[in-house]
Amino acid sequence: MREFDYRRAEDVPGAVALLDADPDARYLGGGTNLVDLMKTGVERPARLVDVRQLPLDQIESTDDGGLSIGATVTNSDLAAHPEVRRRYPALSQAVLAGASGQLRNMATVGGNLLQRTRCGYFADVTKPCNKRLPGSGCPAVEGEHHNHAVLGASEHCIAVHPSDMGVALTAFDAVVSYRTADGAGEVPLADFYLPVGDTPHRETALPPGALITGVTLPPVPSASRSRYRKVRERASYAFAIGSVAAALDVSDGVVREARLAFGAVASRPWRAYAAEHVLNGAPASADRFAAAADAELAGARTLPGNAYKVTLMRNLAVAVLSELAEETAR
Ligand SMILES: Cc1cc2nc3c(=O)[nH]c(=O)nc-3n(C[C@H](O)[C@H](O)[C@H](O)COP(=O)(O)OP(=O)(O)OC[C@H]3O[C@@H](n4cnc5c(N)ncnc54)[C@H](O)[C@@H]3O)c2cc1C
Ligand code: SF4
């Protein structure tokens, strides 16, 4: 591992100034992703700016009835918070579906959103990878790609975003707040992750040196009956090979509002807008749920090793929506 300087930031302006002073520095949240990447040489920062002591560890109700979540709130505290569990249960379920208890105790909201892909070629510095080394190629297309993207990818990169938390936050229209030396800013999560195109190394819309300060959830009444379901390759902790976050408001057998997001299918948590369009105002029936999933997955581009994801995601979406509809009817 390259030798590095370590600083613990005392306040937000101080953290931003420390990073601004050194373009080779990185913020350190729980370190559960960054430190692993430093050990393998994928990340080689000259300085770590530890943000865990910043006063960004609170979850508070907003005036409009939403929730504001600080960037250094741990995954464990987020999942356990009574208002998260009551108002956005799919968010709590998504966080608990990710990693292990020990990791969740360390990992933070900001770090979870900025964790890097688990594509094996990205993590192996002896292999080419357009995301790690622009222009070097993408061996996953011809090689191992069973957990790679079927939506929104390009021939330059087919990696998926691994966050479970991000999928639920996407379904609920979360907004990310950040701070740079020039001041504060916000970006909706829907615009936070950049399209892959021919620049897979450019991952987010955050300005250089930006410190994520928090995430805001708007009030979403249907979210109180929401659900997150994750499929993974082993029962103990593992990243998703497919996941769904859904919220459904049904009355008189008609869908009044549907929210649907897919995980582990794209380079970002994938909001299923086409499916929502099919669902809204339609009968809450299994046929319609399947038609909605098909509408979203019509744009899928598969490779031999990941074609199974289309059927997986269709079945997952139909199962979760059907369960939510049944519960609403009771
Ligand atoms: C074995 C294992 C299994 C896992 N399984 C899952 C899983 O199933 N689902 C899942 O979602 N996740 C999973 N994770 C990932 C884990 O959730 C992430 O490692 C964690 O969320 C990252 O958070 P962190 O605070 O430790 O980030 P760090 O490792 O500290 O940082 C990650 C990145 O975010 C940046 N960063 C951190 N905080 C900020 C901030 N406030 N502002 C700007 N930049 C910041 C860092 O500079 C770095 O680039 C797993 C991890 C491991 C090791
Ligand atoms: S899929 Fe993306 S991250 Fe993986 S090798 Fe290709 S370019 Fe790199």
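Details of the structure are given in the entry above.
Basis of the calculations
- Residues numbered from 1 in each chain as written.
- Chains lettered and ligands numbered in written order.
- Predicted model: local features only at pLDDT ≥ 70, side-chain atom pairs only at ≥ 80, totals over all residues.
- Heavy atoms only, no water.
- Helix = DSSP H or I, 4+ residues; strand = E, 2+ residues; numbered from the N terminus.
- Rg over C-alpha atoms; globule rule 2.2 N^0.38 Å.
- Contact = heavy atoms within 4.5 Å.
- Lys, Arg positive; Asp, Glu negative; His and termini not counted.
- Charge placed at Lys NZ, Arg CZ, Asp CG, Glu CD.
- Pairing = 2+ DSSP bridges.
- Axes fitted to C-alpha atoms, helices over the stretch in contact; angles between N-to-C directions.
- Salt bridge = Lys/Arg side-chain N within 4 Å of Asp/Glu carboxyl O.
- Buried < 20%, exposed > 50% of the residue type's maximum accessible area, 1.4 Å probe, protein only.
- Expected span 1.5 Å × (residues − 1).
- Near = heavy atom within 4 Å.
- Nonpolar A, V, L, I, M, F, W, Y, C, P; charged D, E, K, R; others polar.
- Polar contact = N/O pair within 3.5 Å; in protein donor to acceptor, adjacent residues only side chain to side chain.
- Areas by Shrake-Rupley, 256 points an atom, 1.4 Å probe, with all protein chains shown as cover.

A. Region of the structure containing the overall build of the protein chain. Along the backbone of the protein chain there are 13 helices and 12 strands. Here the C-alpha atoms of the protein chain give a radius of gyration of 20 Å, agreeing with the 20 Å that 2.2 N^0.38 yields for 330 residues. Taken along its principal axes, the extent of the C-alpha atoms in the protein chain is 60 × 50 × 35 Å. In the protein chain, the proportion of contacts linking residues at least 24 apart, taken out of those at least 6 apart, comes to 62%. Where the 34 positive side-chain charges of the protein chain centre and where its 38 negative ones centre are 4 Å apart.

B. Spotlight on the sheet that holds strand β9 (residues 226-232). Reading across the sheet, the four strands line up as β9-β10-β11-β12 and stay open at both edges, with antiparallel pairing between neighbours. Only two strands of the sheet have a single neighbouring strand rather than two, namely β9 and β12 (270-271). Each of β9, β10 (240-251) and β11 (254-263) is contacted by helix α13 (residues 308-329), which is oriented at about 30° to β10, the strand it contacts most.

C. Summary view of the pattern of salt bridges. Overall, the coordinates contain 22 salt bridges when judged by the stated rule. As a salt-bridge pair, arginine 259 and aspartate 173 come within 3.0 Å of each other at their nearest N and O atoms. One end of the pair, arginine 259, is in strand β11; the other, aspartate 173, is in the loop between α9 (165-171) and β6 (175-180), with 86 residues separating them in the sequence. Judged by relative accessible area, which is 34%, aspartate 173 ranks as partly exposed. Each of Arg26, Glu43, Arg116, Lys131 and Glu203 takes part in a single network of salt bridges with overlapping partners.

D. A look at the pairing of strand β5 (residues 67-70). The pairing of strand β4 (residues 59-61) with β5 spans three bridges and is antiparallel. Bridge pairing links glutamate 60 to serine 68 in β5. As consecutive antiparallel partners, β4 and β5 are separated by five residues, and within that stretch glycine 65 has a phi angle of approximately 95°, a positive value. Alignment of β5 against strand β8 (residues 211-217), held across four bridges, turns out to be antiparallel. By the bridge assignment for β8, isoleucine 69 is matched with valine 215.

E. Here's a closer look at α13. Compared with an ideal rise of 1.5 Å per residue, which puts 22 residues at 32 Å, α13 spans 32 Å between its outermost C-alpha atoms and is within 8% of the ideal. Three or more residues of α13 are buried, namely Lys309, Leu312, Met313, Leu316, Ala317, Val318, Val320, Leu321, Leu324, Ala325 and Thr328.

F. Representation of the sheet that holds β8. Strand order across the open sheet formed by five strands is β4-β5-β8-β6-β7, with antiparallel pairing between neighbours. Where the open sheet ends on each side, the last strands, each with one partner, are β4 and β7 (183-188). If you compare each strand with its neighbour and ignore which way they point, the axes differ by 25° on average. Contacts between helix α1 (residues 12-20) and the sheet are confined to β6 and β8, with β8 contributing the most and set at about 130° to the helix.

G. Main features of the site of ligand 2. Surrounding ligand 2, one finds 14 residues, the nearest of these being Cys119, Cys129, Cys138, Cys157 and Ile158. Looking at the shell around ligand 2 residue by residue, the classes come out as 10 nonpolar, three polar and one charged.

H. Inspection of the site of ligand 1 at higher detail. Surveying the vicinity of ligand 1 reveals 33 residues, the closest of which are Tyr27, Gly30, Thr32, Thr108 and Asp164. Between glutamine 115 and ligand 1, the recorded distance is 3.4 Å, taken from a side-chain N or O atom to a nitrogen atom. Residue isoleucine 212 places a main-chain N or O atom 2.8 Å away from a nitrogen atom belonging to ligand 1. Alone, ligand 1 offers 970 Å² of accessible surface; in the complex the protein occludes 92% of this.

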